[in-house]
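Here's the letter readout for the chains.
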Amino acid sequence: MHIMEGFLPPLWAAIWWIVALPFVIYGFVRLKQTIDENKDALPLLGICGALIFILSALKLPSVTGSCSHPTGTGLSAIVFGPFITAIIGFIVLLFQALFLAHGGLSTLGANTFSMAICGPFLGYYVYRALKDTKINIYITVFIAVALADLFTYVITALELALAVPAGEVGFIGLFITFLGVFAVTQIPLAILEGAVLALVFKYIVDIKPDIITKMKIFSEEQIHAARGKIQ
Amino acid sequence: MFAHDFLEEAAQNNALLQIHPHTKLFLGLGTIFLVLFAPHFLIPFIASLVLSITIVFIAKINLKFYLSLLSIPLGFATLSVLVVILLSKGQEPIWSWQVLSWLPLSISQESLNRGLLIFFRIMGGMSALFFISLTTPMTDLFGVMKQLKVPDLFIDLSMIIYRFIFIFIKKAHDIYLAQQMRMGYSKPKEAVKSYSMLFGSIFITSWDAGEQFINAMECRCYNGKYPKNVSYNPVEWRSLTPVILFLISIIISSMLASGYQG
């Protein structure tokens, strides 16, 4: 869910830029360290960025009747960690603004904060918390991705509500209204995105599990357990 | 599924391609910035109109294509603006309705003005954004980033992402057509399954592509940096003057409008 160009007043646009920039800059420093250690990582990261872009450009099978599309940052957070996702997400959001007219430039700070920072961070820590438990790895992916998506949408509603002077309903009322207006598309979308990415994960586990062990996403035993269950 | 037409394709063929990117960015970014500070909704409305005319008649972008692009932000804008009009505060309500105990709806002159202002600010900002994306190809933007001393790593990463977006779109499209021929999207459940397979196989092929890409680059003595060649036609006063006049007129009208209101 992107905030359109021009929705935020100048003050809030600036505030969200200031909030988002430290994460993006720290992400960039981390990225530089990763590349300095191993310059082979650059193309892989680039490809992951392109993949996030594609995922968000593909419309999901429309259940709610609206053109809903996933954020795609959940998968990147699980594979590369939240800081690198912040910088990749930032670039992807810039491209989305320029290529697809999703979002905007003055609202890029706010969109980065909700979509490339808050969502991935939550998703990543949920994944970390569930990773070594007995829970099936597909369910872990599903929960992490769906929660990341939901959290992104909550933060976006917060950003929208903060930007408008509230009347009688107060800030909380406005926040709940924004949540309610977009819940129709966002909640099914979060569940759908979780399910789709869990299935994608299953597909990767079935066909090329070495990617997952190489990136230390799940251990080999966990993958064996998961594969065993299918067969 | 691929409903979003790529603006990039239009950008590579627009009539303003030869104009220096600084001039175009100055117009686009300047409008985005100034429109945010406009006190009255007429200013972003007129700015949006002027930019749309520029896009359609001077940059020669297909009118139908442009209108279909403008309809994308409309849905979001309408929903959010409705919330703003009905819920934000105002002095004298013209109309009010207590739907639920915690949800009073009211429309006042102030909230109506605010809603209109936000709506047209979105339209103004979006047309400025469309102006940039429809007249300035990404490659020119990379050149400008380079001139602005943006870190090389950032530009390289953006360029790789940019390159692979087009490769993957093609691949995704091929797979999608193949799946559709095999009734892959006939039922919602099938659709979810097909979509996951599509995305999963792109992930795997792209991972392989990435590893091959590393080898190919290494064969060509890649040392972590792309060389970039930046050269443009000179900045022309003929195009820069109207841009400056337009931006100054936005500033003056904003100042006049805020003086009139205050």
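The rules behind the values
Residues numbered from 1 in each chain as written. Chains lettered and ligands numbered in written order. Predicted model: local features only at pLDDT ≥ 70, side-chain atom pairs only at ≥ 80, totals over all residues. Heavy atoms only, no water. Helix = DSSP H or I, 4+ residues; strand = E, 2+ residues; numbered from the N terminus. Buried < 20%, exposed > 50% of the residue type's maximum accessible area, 1.4 Å probe, protein only. Contact = heavy atoms within 4.5 Å. Areas by Shrake-Rupley, 256 points an atom, 1.4 Å probe, with all protein chains shown as cover. Axes fitted to C-alpha atoms, helices over the stretch in contact; angles between N-to-C directions. Parallel < 35°, antiparallel > 145°, perpendicular 65-115°, else oblique. Left-handed = near helix turned anticlockwise from the far one by under 90°. Patch = residues over 30% accessible without salt bridge, like charges linked within 9 Å, V, L, I, M, F, W, Y side chains within 5 Å. Salt bridge = Lys/Arg side-chain N within 4 Å of Asp/Glu carboxyl O. Expected span 1.5 Å × (residues − 1). Buried area = accessible area lost by both parts, 1.4 Å probe. Polar contact = N/O pair within 3.5 Å; in protein donor to acceptor, adjacent residues only side chain to side chain. Nonpolar A, V, L, I, M, F, W, Y, C, P; charged D, E, K, R; others polar. Core = buried A, V, L, I, M, F, W, Y, C linked by side-chain atoms within 4.5 Å. Domains from an automatic or database assignment. 1 Å grid on protein atoms, 1.4 Å probe; cavity = no way out; pocket = protein on both sides within 12 Å on 5 of 7 lines; lining within 4 Å. Points joined across faces, edges and corners; volume = space filled by probe spheres on them.

A.B. asks: What is the right way to read the overall build of chain A from this model?
C.D. replies: Of regular secondary structure, chain A possesses nine helices and zero strands. Along its sequence from the N terminus, chain A presents helices and strands in the succession α-α-α-α-α-α-α-α-α. Out of the 231 residues belonging to chain A, those deemed buried represent 64%. For chain A, restricting intrachain contacts to residue pairs at least 6 apart in sequence, the fraction spanning at least 24 positions comes to 73%. A total of about 8,100 Å² of accessible surface is found on chain A, and carbon and sulfur atoms cover 67% of it.

A.B. asks: Got a minute to help me understand the environment of Val243(B) in this structure?
C.D. replies: Residues and elements named next belong to chain B. Tracing the chain through its elements places Val243 in helix 9 (residues 237-261). Its relative accessible area of 8% is what places Val243 among the buried residues. Sequence-distant contacts of Val243, that is, excluding residues within four places in its chain, are made with Thr23, Phe26 and Leu27.

A.B. asks: Would you mind showing me how to read the packing of helix 2 (residues 21-36) of chain B against helix 3 (residues 42-58) of chain B here?
C.D. replies: Two packed helices can be described by the angle between their axes and the distance between those axes. Residues and elements named next belong to chain B. The interhelical angle for the contact between helix 2 and helix 3, taken along N-to-C directions, is 165 degrees, at an axis separation of 11 Å. The pairing of helix 2 with helix 3 is recorded here as roughly antiparallel in orientation. Here helix 2 runs over helix 3; the crossing is left-handed. Where helix 2 approaches helix 3, its residues Leu27, Thr31 and Val35 are matched on the opposing element by Pro44, Ala47 and Leu51.

A.B. asks: Mind showing me how you'd approach a nonpolar patch on the surface here?
C.D. replies: Residues and elements named next belong to chain B. A grouping of Leu42, Phe45, Ile46, Leu49, Val50, Ile53, Phe57 and Ile58 is seen on the molecular surface, where their side chains present a nonpolar patch of about 730 Å² in accessible area. Position of Ile58 among the secondary structure elements: in helix 3. By relative accessible area, which is 48% here, Ile58 ends up partly exposed.

A.B. asks: Please clarify how the environment of Pro242(B) should be interpreted in this entry.
C.D. replies: Among the structural elements, Pro242(B) can be located in helix 9. As for Pro242(B) and Leu27(B), which are separated by 215 residues in sequence, their C-alpha atoms are 9.5 Å apart.

A.B. asks: Please clarify how helix 8 (residues 188-219) of chain B should be interpreted in this entry.
C.D. replies: Think of an α-helix as turning once every 3.6 residues; residues three or four places apart then point the same way. Taking 1.5 Å per residue as the helical rise, helix 8 of chain B with its 32 residues ought to reach 46 Å, and the 46 Å between its terminal C-alpha atoms agrees with that figure. Once helix 8 of chain B finishes, Cys221(B) follows within two positions and takes phi at roughly 60 degrees, a positive value.

A.B. asks: What am I meant to see in helix 6 (residues 138-147) of chain B here?
C.D. replies: Counted residue by residue, helix 6 of chain B has seven buried out of 10 residues, so it is predominantly covered. For helix 6 of chain B, the full list of buried residues reads Met138(B), Asp140(B), Leu141(B), Phe142(B), Gly143(B), Val144(B) and Met145(B). On its buried face, helix 6 of chain B is in contact with helix 4 (82-100) of chain A together with helix 1 (7-12), helix 2 and helix 7 (152-181) of chain B. Downstream of helix 6 of chain B by a residue or two, Lys149(B) has a phi angle that is positive, lying close to 60 degrees.

A.B. asks: Honestly, the interface of chain B and chain A in this entry has me stumped. Any pointers?
C.D. replies: Interfaces are often sized by the accessible area lost when the parts come together. Each partner contributes to the interface: chain B provides 79 residues, whereas chain A provides 76 residues. Here chain B and chain A share an interface that buries about 7,200 Å² over both sides, 84% of which is from carbon and sulfur atoms. The interface formed by chain B and chain A holds two residue pairs in polar contact (both at pLDDT 80 or more) in total. Of all the secondary structure elements, the ones that give two or more residues to the side of chain B that touches chain A are helix 1, helix 2, helix 4 (63-87), strand 2 (103-108), helix 5 (109-135), helix 6, helix 7 and helix 8 of chain B. Of the residues assigned to the side of chain B that touches chain A, the class counts are 55 nonpolar, 14 polar and 10 charged.

A.B. asks: Help me out: how do you make sense of the nonpolar core in this one?
C.D. replies: Nonpolar side chains in soluble globular proteins tend to be buried together. In terms of nonpolar packing, the biggest core is built from 160 residues, with Phe7(A), Phe130(B) and Leu134(B) touching the most fellow members. If you tally residues by element for this core, the top one is helix 4 of chain A, at 14 residues. When residues of this core are assigned to domains, at least three fall in each of domain 1 (7-136 + 233-261) and domain 2 (150-219) of chain B. Filtering out sequence-adjacent residues up to four positions away, Phe130(B) remains in contact with Ala101(A), Leu7(B), Ile55(B), Tyr66(B), Leu69(B) and Leu70(B).

A.B. asks: Any chance you could explain the layout of surface pockets here in plain terms?
C.D. replies: One way to see where empty space is left: roll a probe the size of a water molecule over the atoms. In this structure, the largest pocket encloses a volume near 860 Å³. In terms of lining, the largest pocket is formed by 32 residues, of which the most central are Trp17(A), Leu94(A), Leu105(A), Leu108(A) and Leu29(B). Elements represented by at least two residues in the lining of the largest pocket include exactly helix 1 (10-37) and helix 4 of chain A together with helix 2 and helix 6 of chain B. Looking at the lining of the largest pocket element by element, the count peaks at eight residues for helix 1 of chain A. Looking at the lining of the largest pocket, its residues break down into 30 nonpolar, two polar and no charged. Built from parts of two domains, the lining of the largest pocket gets at least three residues from each of domain 1 (7-136 + 233-261) and domain 2 (150-219) of chain B. For the second largest pocket, the calculated volume is near 640 Å³. Every residue lining the second largest pocket is counted, 28 residues in all, and those nearest its centre are Thr34(A), Val79(A), Phe80(A), Ile84(A) and Met215(A). Of all the secondary structure elements, the ones that give two or more residues to the lining of the second largest pocket are helix 1, helix 2 (41-57), helix 3 (73-80), helix 4 and helix 5 (108-131) of chain A together with helix 8 of chain B. Of the residues belonging to the lining of the second largest pocket, the class tally is 16 nonpolar, four polar and eight charged.

A.B. asks: Can you help me understand empty space enclosed by the protein in this one?
C.D. replies: Scanning the model with the defined rule gives three cavities of 30 Å³ or more in all. Estimates place the volume of the second largest cavity at around 50 Å³. Lining the second largest cavity, in full, are Cys48(A), Leu51(A), Ile52(A), Gly72(A), Leu75(A), Ser76(A) and Phe199(B). The element that contributes the greatest number of residues to the lining of the second largest cavity is helix 2 of chain A, accounting for three residues. Residue composition of the lining of the second largest cavity, by class: five nonpolar, two polar and no charged.

A.B. asks: What exactly am I supposed to notice about the pattern of salt bridges here?
C.D. replies: Side chains that differ in charge, positive against negative, can pair when their charged atoms come close. Residues and elements named next belong to chain B. With the rule as written, the count across this model stands at three salt bridges over all chains. Between Lys146 and Asp152 there is a salt bridge, with its nearest N and O atoms 3.3 Å apart. Judged by relative accessible area, Asp152 falls into the partly exposed class, the value being 24%. A salt bridge links Lys170 to Asp174; the nearest nitrogen and oxygen atoms lie 3.0 Å apart. Residue Lys170 and its partner Asp174 are located together in helix 7, separated by four residues, close to a single helical turn.

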